[in-house]
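Tertiary structure, described
Chain by chain, the residues:
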Amino acid sequence: MAIVVKLDHLLLDRRLTQTELADRIGITLANLSILKTNKARAIRFSTLEALCRELQCQPGDLLVWAPDEPGDRAGVAADERAPV
Amino acid sequence: MKLASFVATLITLARQLAVILLVLSGLLLAFSPWVDPPNIEVGFALPAAFRLDPPTQPVAIAPVQAEHVRLDDAQASLYFSPRNRVLVAASAAGLIALFAAAVWVLDQLRALLHTLRTGRPFAPANAMRLRRIAYGVIGAELVRTAVDYASTRYAMANFAAPGVQFHTRVDFNVVAILCGLMILLIAQAFREGARLTEEQSLTI
């Protein structure tokens, strides 16, 4: 996936643990781990809103497009063809 | 989920019955070399199709105005005791194949129902299970048609009765094939459902 979720440095800056953040935004630790390790397929706006609220950041601080691998470009192209 | 529980119970009972019949068929095949048909009453039932010969077996005409009445394409079961060990063994082998296939299909149904009862209808394996059930339904109908034709042909070649003309029959049930095809379509829908479920589970 070419979209990378940058949580580590934000957690460090805000001095929050993953468990605390998961509790505050109302998701399980397992789901937060899925998000953090870039295994998630999609993120709800409500989750993104909760993350930005707790981490006091913008969505652009959390989500970065990093198409480093050729497969990422193909994956992005395939997603663009898929219906939203 | 009471309906699912009831159906699951029925399927479990059917599977146990099929397993018992499978074991009995296996024993029949295993002991067929020692079966002495002339001294043991082994009952066989063979599908047969026949028509009554009008001159020797006329059909009585009711007060209703009608002409050229005849009884045609009658279907029956021909009961006999074979005097051939090979026929006994071949029939036992056929029964083993039939009951083994039934157990296999019922296993797919049981696994499918288990996922329904545990709230996971779109488990990834269910699409494959439904496809197998569809192939089982279509295959069973094709085999049944072939066996039915072979049986009527055997009856025509080996049995005779006054005023009765045995003939072959191709009894192909299109509805069964259509049911199999519908199950294949449902399997496609379940495959898509599994994909959406997986995507949804990875949506945070």
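Calculation rules
Residues numbered from 1 in each chain as written. Chains lettered and ligands numbered in written order. Predicted model: local features only at pLDDT ≥ 70, side-chain atom pairs only at ≥ 80, totals over all residues. Heavy atoms only, no water. Helix = DSSP H or I, 4+ residues; strand = E, 2+ residues; numbered from the N terminus. Buried < 20%, exposed > 50% of the residue type's maximum accessible area, 1.4 Å probe, protein only. Areas by Shrake-Rupley, 256 points an atom, 1.4 Å probe, with all protein chains shown as cover. Contact = heavy atoms within 4.5 Å. Buried area = accessible area lost by both parts, 1.4 Å probe. Salt bridge = Lys/Arg side-chain N within 4 Å of Asp/Glu carboxyl O. Polar contact = N/O pair within 3.5 Å; in protein donor to acceptor, adjacent residues only side chain to side chain. pLDDT = per-residue confidence, 0-100. Expected span 1.5 Å × (residues − 1).

Things to note about the overall build of chain A
Check the secondary structure of chain A and you find six helices and two strands. Taken from the N to the C terminus, the helices and strands of chain A come in the order β-α-α-α-α-α-β-α. Here chain A holds 84 residues, and 29% of them are scored as buried. Counting every atom, chain A has about 5,700 Å² of accessible surface; 54% of that belongs to carbon and sulfur.

Focus on the interface of chain A and chain B
Taken together, the contact between chain A and chain B spans 11 residues of the former and six residues of the latter. For the pairing of chain A and chain B, the buried interface totals around 800 Å² over both sides, and the portion due to carbon and sulfur atoms is 56%. Contact with chain B buries surface across chain A, with R41(A), A42(A) and R44(A) losing the most and accounting together for 64% of the total. Taken together, the connections running from chain A to chain B amount to one salt bridge. Residues R41(A) and E198(B) are paired through a salt bridge, measuring 3.5 Å at the closest nitrogen-oxygen approach. The interface formed by chain A and chain B holds six residue pairs in polar contact (both at pLDDT 80 or more) in total.

Some remarks on the pattern of salt bridges
Taken as a whole, this structure holds 10 salt bridges over all chains when the rule is applied. Between E54(A) and R53(A) there is a salt bridge; the shortest N-O distance is 3.2 Å. Judged by its relative accessible area of 19%, E54(A) falls in the buried class. Residue R53(A) is classed as partly exposed on the basis of its relative accessible area of 44%. Between D171(B) and R144(B) there is a salt bridge, with the nearest N and O atoms lying 3.8 Å from each other. A residue pair is termed long-range when its members are at least 10 positions apart, and D171(B) in the loop between β3 (164-167) and α4 (174-201) and R144(B) in helix α3 (residues 124-158) qualify at 27 residues.

Focus on the confidence of the model for chain A
Residues and elements named next belong to chain A. Per-residue confidence for chain A gives a mean pLDDT of 83; residues scoring 70 or more make up 81%. Across chain A, the element-wise mean pLDDT spans from 45 in helix α6 (residues 70-81) up to 95 in helix α4 (residues 45-55). This stretch, residues 71-84, has a pLDDT under 50; its non-local contacts, to residues over four places away or in other chains, come to seven contacts.

Notes on helix α1 (residues 2-31) of chain B
The end-to-end C-alpha distance of α1(B), which contains 30 residues, comes to 44 Å, matching closely the 44 Å that a straight helix rising 1.5 Å per residue would cover. For α1(B), the full list of buried residues reads A4(B), A8(B), I11(B), A18(B) and S25(B).

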